[in-house]
Amino acid sequence: MTNVRVRIAPSPTGPLHLGTARTALFNFLFARHLGGTFIFRLEDTDQARSTEAFEVDIIEGMHWLGIRWDEGPAVAGEPEIGNYGPYRQMQRMASYTEAANRLLAEDKAYYCYCSPDELDVERKRQEASHLPARYNGRCAHLSAEERAAFEREGRRPVVRFRIPEERKIAFDDIVRGHVEIDTNALGGDLVILRSDGTPLYHFTVAVDDAAMEITHVIRGEDHLSNTPKHILLFEALGASIPQFAHLPLILNPDRTKMSKRKTQTSVDAYRMDGFIPEAFVNYLALLGWSTGTEEEVLSLDDLIERFDLAKVNSSGAVFDRERLEWLNGQWIRRLPAPDLIARLRPFLETELAAGRIEWMPSDQEMSALLPVVQERLPTLAAVGELIGFLFQEDVTPDLALLVPKRWDMAATAANLREARGIMAAGRDTWRAHEIEAPLRILVEDRGWKAGDLFMAIRVAVTGRTATPPLFDTLVALGYERTLARVDRAIARLEAGTPPSL
RNA sequence: GCCCCCAUCGUCUAGAGGCCUAGGACACGGCCCUUUCAAGGCUGAGAUCAGCGGUUCGAAUCCGCUUGGGGGUACCA
């Protein structure tokens, strides 16, 4: 165990987000690689938008991905683990007011009575004269009388943290290298407590990171510009300054910051789409990082072993669902049969509930099918599309699909009838190559194309043109149902065929 | 507006001055396999390394500028 301590601090104001999941993963990989401590902290101070349902979604989503923490809430309502708790900010309120009072006492912060409206007017004025938006410091040096006057007006002050002027804050970001930002660009003295006494994000993050002795702050690039504020706060609080690593952002296809509008961002939505966590985590890890080798299909353990913050990219990465799907297929193919069947269950339930299948296949049926199904599943959710026709009473194929280009309806009906006769003799030998062999002889005798007959049978029996291998499919369907479906197709073809002259 | 960050195939990336007439993967095309669909194998196309200057014997790699993109700039997180 090293003394490395990192954290992920999501706010439960929405379902687990792709970006949060990736940041969590990078923190987790970093901690595990180094034998450090990974901490989960809930930033639930936005009471208006935070809900317990989102909290549960986030925690369960993380667990689904295989991301576990050493300190933090277990699941909603249950006890926490770790000696630096509580791990919910709402339960740490006292520490923020205590810290703010300390800064006030040391004159590192002061009460500001400017109203939001006044601030707004000032901001607009600065904007109009092309000046950087910045608090003008009107309340920075109020006398006791002035303060009393404001109080008498009924104004409730915020607490502002003094940002020094003309100072360069420099830090060495692990992924970006040396970064320098002038304190004049920080927007002036920073509000750390609202007029109702509740703390603001930049303040809570610094107070908590200090209290939890975070050594490395690994987060999205959107916080890069805010880092000097945090550094100043750490200094004022007398805390040591952690190392920073700012991860490249995940982007929409148009290269803007990923948004719900343009990219599916909910991790749970990907789960419901049939992605498996092995693939998801693998994909996320490779968004902005690579091993430097040509390895791409990597398990969580592989990732932990190879992870290196210094090899993280600095430019944004477009989320590419097709590549995720490819990785998902890779991982599905690697799953042991019983495992895959178990994971397919919930998706079969969904098919059943939606009426797309009429009964549930047994584990035996599924494992018989698996060899021909496993390599054809891009996602777990594709299972219904692939083999649903097996678990329906009947199918009604499109007549147009039933008739091969070289045949017409009458020929198709007649040829299917011949094939049906041959298959009918196979009741006791209903196995793939024993169905196939005599049909091939028939094809040979008649001078047909094997593909034409097989496609006609395929469509007659499954209703689709793309299926698992035909004869395996027939075996799975069974003798009776195969013949019944062929018969029905023949009947429909004959009914649709105009009588010949 | 101001500040910061970024810039290699459509996309994810390899590349830490000579190994690069730039490698891999996804997607796309072709061929093989084949009853369809996949999977797999082989193969093709695809990047004047954003542009311009500089440093150097030598630059995708270092520096500067330009352009483009992104982020930040709240009594949001």
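Keep in mind the model is a prediction, meaning the values are calculated, not measured.

**Considering the protein's contact with RNA strand B**
Near RNA strand B there are 65 residues, and of these Arg-194, Gly-288, Glu-375, Arg-440 and Arg-458 occur at the shortest range. Among atoms of RNA strand B positioned within 4 Å of the protein, sugar and phosphate together represent 73%. At 3.2 Å from a phosphate oxygen of RNA strand B is found a side-chain nitrogen or oxygen belonging to Ser-290. Glu-294 is positioned with one of its side-chain polar atoms (N or O) 3.1 Å from a sugar or linking oxygen of RNA strand B. Among the elements of the structure, β8 (177-182), α6 (201-211), β13 (317-318), α11 (321-334), α18 (450-462) and α19 (470-477) are those that each provide at least two residues to the surface near RNA strand B.

**A few points about the nonpolar core**
Ranked by internal contacts, the top residues of the largest apolar core, which has 105 residues, are Met-423, Leu-439, Leu-453 and Ile-457. With nine residues, helix α1 (residues 18-34) is the largest single contributor of residues to this core. In this structure, Ile-457 is in contact with Leu-416, Ala-419, Met-423, Leu-439, Leu-470 and Leu-474, ignoring residues within four places of it in sequence. One finds Ile-214, Ile-231, Phe-234 and Leu-237 within the second-largest nonpolar core, a separate group that totals 33 residues.

**As for the sheet that holds strand β6 (residues 158-161)**
Taken together, the three strands give an open sheet; going across it, the order is β5-β6-β9, and neighbouring strands pair in antiparallel fashion. Of all the strands in the sheet, just β5 (109-112) and β9 (190-193) have a single pairing partner and so form its edges. In this sheet, neighbouring strand axes are inclined to one another by 45° on average, regardless of whether the strands run parallel or antiparallel. Both β6 and β9 contribute to a ladder of three bridges, which runs antiparallel.

**A look at the domain arrangement of chain A**
Each domain of chain A was delimited in the assignment, giving domain 1 (5-89 + 250-318), domain 2 (92-247), domain 3 (335-390) and domain 4 (399-495). The C-alpha centroid of domain 4 is placed 75 Å from the C-alpha centroid of domain 2.

**Structural notes on unusual backbone geometry**
The omega torsion of the bond from Gly-85 to Pro-86 falls at -5°, within 30 degrees of zero and hence cis. Among the structural elements, Pro-86 can be located in the loop between β4 (80-81) and α3 (93-105). The phi angle at Arg-255 is positive, at roughly 70°, despite the residue not being glycine.

**Details of the environment of Asp-268**
Here Asp-268 is to be found in helix α8 (residues 267-272). Separated by 2.8 Å, the side chains of Asp-268 and Arg-271 make a polar contact.

**Points about the pairing of strand β10 (residues 216-220)**
The element β10 is extensively covered by neighbouring structure, given that five of its five residues are classed as buried. As paired elements, β10 and strand β11 (residues 243-247) share five bridges and run parallel to each other. Within the sheet, the bridge partner assigned to Val-217 lies in β11 and is Phe-244. You can see the chain leave β10, run along helix α7 (residues 227-236) and come back into β11, and the turn it takes is right-handed.

**Structural notes on helix α20 (residues 479-496)**
A rise of 1.5 Å per residue sets the reference length of α20, with its 18 residues, at 26 Å; its end C-alpha atoms lie 26 Å apart and thus fit the reference within 8%. Each element contacted by the buried residues of α20 is listed here: α15 (399-402), α16 (409-424), α18 and α19.

**Quick notes on the pattern of salt bridges**
Pairing is possible between side chains of opposite charge, provided their charged atoms come close. Applying the stated criterion to the full structure yields 46 salt bridges. Of the charged contacts in the structure, one is a salt bridge between Asp-46 and Arg-49, with a shortest N-O distance of 2.8 Å. Residues Arg-92 and Asp-208 are paired through a salt bridge, measuring 2.8 Å at the closest nitrogen-oxygen approach. Placement of the pair is Arg-92 in the loop between β4 and α3 and Asp-208 in helix α6, with a sequence separation of 116 residues. Through salt bridges with shared partners, a single network forms among Arg-7, Arg-41, Glu-43, Arg-92, Asp-208 and Asp-209.

**Concerning the environment of Pro-157**
Inspection of the secondary structure assignment puts Pro-157 in the loop between α5 (144-152) and β6. According to the relative accessible area criterion, Pro-157 is buried, its value standing at 12%. Along the chain, Pro-157 and Arg-147 lie ten residues apart, while their C-alpha atoms are 9.4 Å from each other. Filtering out sequence-adjacent residues up to four positions away, Pro-157 remains in contact with Tyr-111, Cys-112, Tyr-113, Glu-151, Arg-194 and Ser-195.

**Here's the deal with the state of the cysteines**
Scanning the model with the defined rule gives zero disulfides in all. The closest cysteine sulfur to the non-disulfide-bonded Cys-112 is located on Cys-114, 3.8 Å from its own sulfur. Residue class for Cys-112 comes out buried when judged on its relative accessible area of 1%. For Cys-114, which is in no disulfide, the shortest distance to another cysteine sulfur is to Cys-139 and amounts to 3.6 Å.

**Topic: the packing of aromatic side chains**
To describe a pair of aromatic rings, one takes the distance between the centres and the angle between the planes. Taken as a whole and judged by the stated rule, the model has 14 aromatic pairs. Pairing Trp-64 with Phe-280 gives two aromatic rings, centres 6.1 Å apart and planes at 50°, and the pair type is tilted. Remark: Phe-280 occurs in helix α9 (residues 277-285) and Trp-64 occurs in helix α2 (residues 52-65); sequence separation between them is 216 residues. One aromatic cluster is present, built from ring pairs that chain together Trp-64, Tyr-270, Phe-275, Phe-280, Tyr-283 and Phe-319.

**Re the environment of Lys-262**
Along the chain, Lys-262 turns up in the loop between β12 (250-251) and α8. Taking C-alpha positions, Lys-262 is 6.1 Å from Asn-252, a pair spaced ten residues apart along the chain. Every residue in contact with Lys-262, bar those within four places of it in the chain, is listed here: Asn-252, Pro-253, Asp-254 and Thr-256.

**A closer look at the confidence of the model for chain A**
Averaged over all residues, the pLDDT of chain A is 93; the fraction at 70 or higher stands at 98%. In the predicted complex, the global pTM is 0.93; the interface-specific ipTM is 0.94.

**Quick notes on the side chain of His-230**
As for its position among the elements, His-230 is in helix α7. In this structure His-230 comes out as buried when scored by relative accessible area, which is 1%. Those residues in contact with His-230 that sit more than four places away from it in its chain are Tyr-201, His-202, Val-205, Ala-206 and Arg-219.

**Structural notes on the packing of α3 against α6**
Taken N-terminus to C-terminus, the directions of α3 and α6 make an angle of 95°; their axes are 10 Å apart at the nearest point. In terms of orientation, α3 lies roughly perpendicular with respect to α6. Across the interface between the two elements, Ser-95, Tyr-96, Ala-99, Ala-100 and Leu-103 of α3 pack against Phe-203, Thr-204, Val-207 and Asp-208 of α6. Residue composition of the contact of α3 with α6, grouped by class: six nonpolar, two polar and one charged.

Calculation criteria
- Residues numbered from 1 in each chain as written.
- Chains lettered and ligands numbered in written order.
- Predicted model: local features only at pLDDT ≥ 70, side-chain atom pairs only at ≥ 80, totals over all residues.
- Heavy atoms only, no water.
- Near = heavy atom within 4 Å.
- Polar contact = N/O pair within 3.5 Å; in protein donor to acceptor, adjacent residues only side chain to side chain.
- Helix = DSSP H or I, 4+ residues; strand = E, 2+ residues; numbered from the N terminus.
- Core = buried A, V, L, I, M, F, W, Y, C linked by side-chain atoms within 4.5 Å.
- Buried < 20%, exposed > 50% of the residue type's maximum accessible area, 1.4 Å probe, protein only.
- Contact = heavy atoms within 4.5 Å.
- Pairing = 2+ DSSP bridges.
- Axes fitted to C-alpha atoms, helices over the stretch in contact; angles between N-to-C directions.
- Domains from an automatic or database assignment.
- Right-handed = clockwise from strand over helix to strand, strands pointing away.
- Expected span 1.5 Å × (residues − 1).
- Salt bridge = Lys/Arg side-chain N within 4 Å of Asp/Glu carboxyl O.
- Disulfide = S-S within 2.5 Å.
- Phe/Tyr/Trp six-rings, centres within 6.5 Å; stacked < 30°, edge-to-face > 60°.
- pLDDT = per-residue confidence, 0-100.
- Parallel < 35°, antiparallel > 145°, perpendicular 65-115°, else oblique.
- Nonpolar A, V, L, I, M, F, W, Y, C, P; charged D, E, K, R; others polar.

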